[in-house]
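Letter by letter, the chains look like this.
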Amino acid sequence: MASNSGGDGGVMVKRILAALFYGVASFLITVVNKVVLTSYKFPSFLVLGVGQMTCIVIILFLANLFQIVSLHRLDRSLPKKIWPLPIFYLGNLVTGLGGTQKLSLPMFTVLRRFSILMTMVAEYWILGTIVSRKVQFCVFLMIFGALIAGSSDLAFDLRGYTLILLNDVFTAASGVCTKQKLDAKELGELGLVFYNSLFMILPAAFLALYTGDFQLAYEYTGWTDFFFLFQFFLSCVMSFILMYAVILCTNYNSALTTTIIGVLKNLLVTYMGMVIGGDYIFSWVNFLGLNISVIGSLIYSYTTFSKKQPSEKSSNVNESSQVLHSTPVIQKKILK
């Protein structure tokens with residue numbers, strides 16, 4: 001009896017630690033990106049994106065080389081399997097970093113919810129998926145709050161709004177396209193991100209060179225600042241750390257738990273973002289809109305979770321095995 005209770009206690013500790021790890025990683029990557037791009041005024045989100053993709057490729061290549069993970073071999077059929085996902089991945093990464101640089105974190109988080117509306121519309125037109133009226137109401141409540149907040153955003157930046165709305169488009173397109181391309185799912189999450197990054201590093205680098213971003217980054221005077229260098233490096237590796245945290249959290253808990261933690265993280269970013277970065281300008285109308293959108297997201301989460309809850313236990317093992325499909329060695333190490 002004592003050994004069983006001790007084993008259950010050990011599993012519970014691992015579940016809690018995995019959830020905390022994901023929550024911290026998810027929050028930290030948002031904050032670190034904001035600090036690098038806004039507080040330190042690093043001029044090029046394109047160069048930061050290239051750095052993040054480079055780190056992902058190097059880490060996963062070495063992990064595969066030393067048999068820590070198992071990635072799908074590169075062959076001639078692979079580009080066809082995942083295309084056009086690399087384009088959506090690059091667009092999602094670059095516009096997300098650009099939006100982070102140009103907008104305050106509260107507005108960034110609220111405007112990101114347009115991706116839910118876009119995904120809902122795209123799934124209806126392309127996949128024929130119809131969501132319930134409750135979900136539709138929650139989505140429109142989130143959007144209504146975002147519109148109110150945007151109408152009184154004293155720090156309005158047209159380029160920032162354009163970037164984040166493009167980010168929503170890329171997010172929705174990537175999600176719908178992934179559901180359509182069953183062959184891409186065979187690669188697993190790590191394999192898909194690895195090849196997306198591998199295929200898009202050079203196009204992103206050429207884009208940064210063409211726009212003069214590499215020159216701006218070269219002339220940036222903060223390279224001698226140790227704290228900036230540390231946070232720039234942390235930003236580059238956080239993309240991989242976040243992916244690994246999602247895998248751990250989903251394996252020890254469930255996809256549902258991972259999603260709930262993501263919602264709580266967004267709440268934290270919305271309100272703490274008012275002081276992080278120093279670019280949020282308070283107004284009562286804007287604050288009201290933010291809170292309406294937050295309430296909509298909470299109701300949306302509750303509505304979605306209540307539907308999934310009955311089947312959570314039965315689907316938990318399947319969800320974990322799908323997420324870890326491309327990483328059998330990781331799976332063995334996690335379950336020890």
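For clarity, every value in this text was computed on a predicted model and none was experimentally measured.

*Asks:* Report on the overall build of the protein, specifying residues and quantitative values.
*Replies:* Scanning the protein from N- to C-terminus turns up 16 helices and zero strands. Per-residue burial for the protein yields a buried fraction of 50% across its 336 residues. Long-range pairs, those at least 24 residues apart, make up 87% of the contacts in the protein with a sequence separation of at least 6. Just so you have it, the protein exposes about 17,100 Å², and 69% of that area is on carbon and sulfur atoms.

*Asks:* Quick rundown of the packing of aromatic side chains? Include the residues and the values.
*Replies:* Summed over the entire model, instances satisfying the criterion amount to 15 aromatic pairs. Between Phe42 and Tyr220, the ring centres sit 5.3 Å apart and the planes meet at 90°, which makes this aromatic pair edge-to-face. Here the residue Phe42 occupies a position in the loop between helix H1 (2-39) and helix H2 (45-65), and Tyr220 occupies one in the loop between helix H11 (213-219) and helix H12 (226-252), the gap between them amounting to 178 residues. Of the two residues examined, Phe42 and Tyr220, each falls in the buried class. What links up through ring pairs into an aromatic cluster is the set Tyr40, Phe42, Tyr220, Trp223, Phe228 and Phe232.

*Asks:* Give me the nonpolar core: which residues, what numbers.
*Replies:* One finds Phe42 and Met53 to be the most contacted residues of the largest nonpolar core, which totals 57 residues. When residues of this core are traced back to their parent elements, those giving at least two are H1, H2, helix H3 (78-82), helix H4 (85-102), helix H8 (158-180), helix H10 (188-210) and H12. Sorting elements by how many residues they give to this core places H12 first, with 12 residues. Here Met53 is in contact with Tyr89, Leu90, Leu93, Ser197, Met200, Ile201 and Ala204, once residues within four sequence places are set aside. In terms of nonpolar packing, the next biggest core, distinct from the first, is built from 19 residues, Phe114, Val135, Ala146 and Leu290 among them.

*Asks:* Kindly report on a nonpolar patch on the surface, identifying the contributing residues and their values.
*Replies:* Together, Ile58, Phe61, Leu62, Leu65, Phe66 and Ile68 make up a nonpolar patch on the protein surface, roughly 590 Å² of accessible area in all. Along the chain, Ile58 falls in helix H2. With a relative accessible area of 45%, Ile58 lands in the partly exposed category.

*Asks:* Report on the side chain of Ser283, specifying residues and quantitative values.
*Replies:* In this fold, Ser283 is placed in the loop between helix H13 (255-272) and helix H14 (284-308). Residue class for Ser283 comes out buried when judged on its relative accessible area of 12%. A distance of 3.2 Å separates a polar side-chain atom of Ser283 from the backbone nitrogen of Asn286.

*Asks:* Please set out helix H7 (residues 133-151) residue by residue, giving values where relevant.
*Replies:* When the terminal C-alpha atoms of H7 are compared, their 27 Å separation across 19 residues agrees well with the 27 Å that a helix rising 1.5 Å per residue should span. Those residues of H7 that fall on the buried side of the exposure criterion are Val135, Cys138, Val139, Leu141, Met142, Ile143, Gly145, Ala146, Ile148 and Ala149.

*Asks:* Explain the packing of H10 against H12 to me, using residue names and the numbers behind them.
*Replies:* Relative to each other, H10 and H12 sit at 165°, their axes nearing to 11 Å. In terms of orientation, H10 lies roughly antiparallel with respect to H12. Between H10 and H12 lies a crossing of right-handed hand. On H12, the residues touching Glu189, Leu190 and Val193 of H10 are Met243, Val246 and Ile247. Here the residues of the contact of H10 with H12 sort into five nonpolar, no polar and one charged.

*Asks:* An account of the environment of Phe140 is requested, with residue identities and associated values reported.
*Replies:* Here Phe140 is to be found in helix H7. Along the chain, Phe140 and Leu117 lie 23 residues apart, while their C-alpha atoms are 7.7 Å from each other. For Phe140, the contacting residues outside a window of four places in its chain are Leu117 and Met120.

*Asks:* So what's going on with the packing of helix H6 (residues 114-127) against H7? Residues and values would help.
*Replies:* Look at H6 against H7: their axes get within 9 Å of each other, and the N-to-C directions meet at 140°. By the criterion of interaxial angle, the relationship of H6 to H7 is oblique. Where H6 crosses over H7, the two elements pack in a sense that is left-handed. Between H6 and H7, the residues in contact are Phe114, Ile116, Leu117 and Met120 and Gln136, Val139, Phe140, Met142, Ile143, Ala146 and Leu147, respectively. Looking at the contact of H6 with H7 residue by residue, the classes come out as 10 nonpolar, one polar and no charged.

*Asks:* Tell me about H12, and please be specific about residues and values.
*Replies:* Between its terminal C-alpha atoms H12 stretches 36 Å, which fits the 39 Å expected from 27 residues at 1.5 Å a residue. Where H12 bends most, the angle comes to about 40°, and this point is Met238. Regarding H12, its N-cap is Asp225, as a side-chain oxygen of that residue lies 3.0 Å from the backbone nitrogen of Phe227 further along.

*Asks:* Could you give an account of the side chain of Gln52, naming the residues involved and the relevant values?
*Replies:* Within the secondary structure, Gln52 sits in helix H2. Residue classification places Gln52 among the buried positions, given a relative accessible area of 2%. Residues contacting Gln52, with those up to four places away along its chain left out, are Asn33, Leu93, Leu97, Ser235, Cys236 and Ser239.

*Asks:* Lay out unusual backbone geometry in plain terms, naming residues and giving numbers.
*Replies:* Notably, Lys41 is not glycine yet its phi reads approximately 55°, a positive angle. Note that Lys41 resides in the loop between H1 and H2. For Lys41, a relative accessible area of 63% gives the class exposed. Positive phi is not limited to glycine here, since Gln67 has a value of about 60°. For Gln67, the position within the fold is in the loop between H2 and H3. Look at Gln67 and you get exposed, because its relative accessible area is 61%.

Conventions we followed
- Residues numbered from 1 in each chain as written.
- Predicted model: local features only at pLDDT ≥ 70, side-chain atom pairs only at ≥ 80, totals over all residues.
- Heavy atoms only, no water.
- Helix = DSSP H or I, 4+ residues; strand = E, 2+ residues; numbered from the N terminus.
- Buried < 20%, exposed > 50% of the residue type's maximum accessible area, 1.4 Å probe, protein only.
- Contact = heavy atoms within 4.5 Å.
- Areas by Shrake-Rupley, 256 points an atom, 1.4 Å probe, with all protein chains shown as cover.
- Phe/Tyr/Trp six-rings, centres within 6.5 Å; stacked < 30°, edge-to-face > 60°.
- Core = buried A, V, L, I, M, F, W, Y, C linked by side-chain atoms within 4.5 Å.
- Patch = residues over 30% accessible without salt bridge, like charges linked within 9 Å, V, L, I, M, F, W, Y side chains within 5 Å.
- Salt bridge = Lys/Arg side-chain N within 4 Å of Asp/Glu carboxyl O.
- Polar contact = N/O pair within 3.5 Å; in protein donor to acceptor, adjacent residues only side chain to side chain.
- Expected span 1.5 Å × (residues − 1).
- Axes fitted to C-alpha atoms, helices over the stretch in contact; angles between N-to-C directions.
- Parallel < 35°, antiparallel > 145°, perpendicular 65-115°, else oblique.
- Left-handed = near helix turned anticlockwise from the far one by under 90°.
- Nonpolar A, V, L, I, M, F, W, Y, C, P; charged D, E, K, R; others polar.
- Bend = angle between axes of the 7 residues up to and from the residue.

Nothing here speaks to function; it is all geometry.
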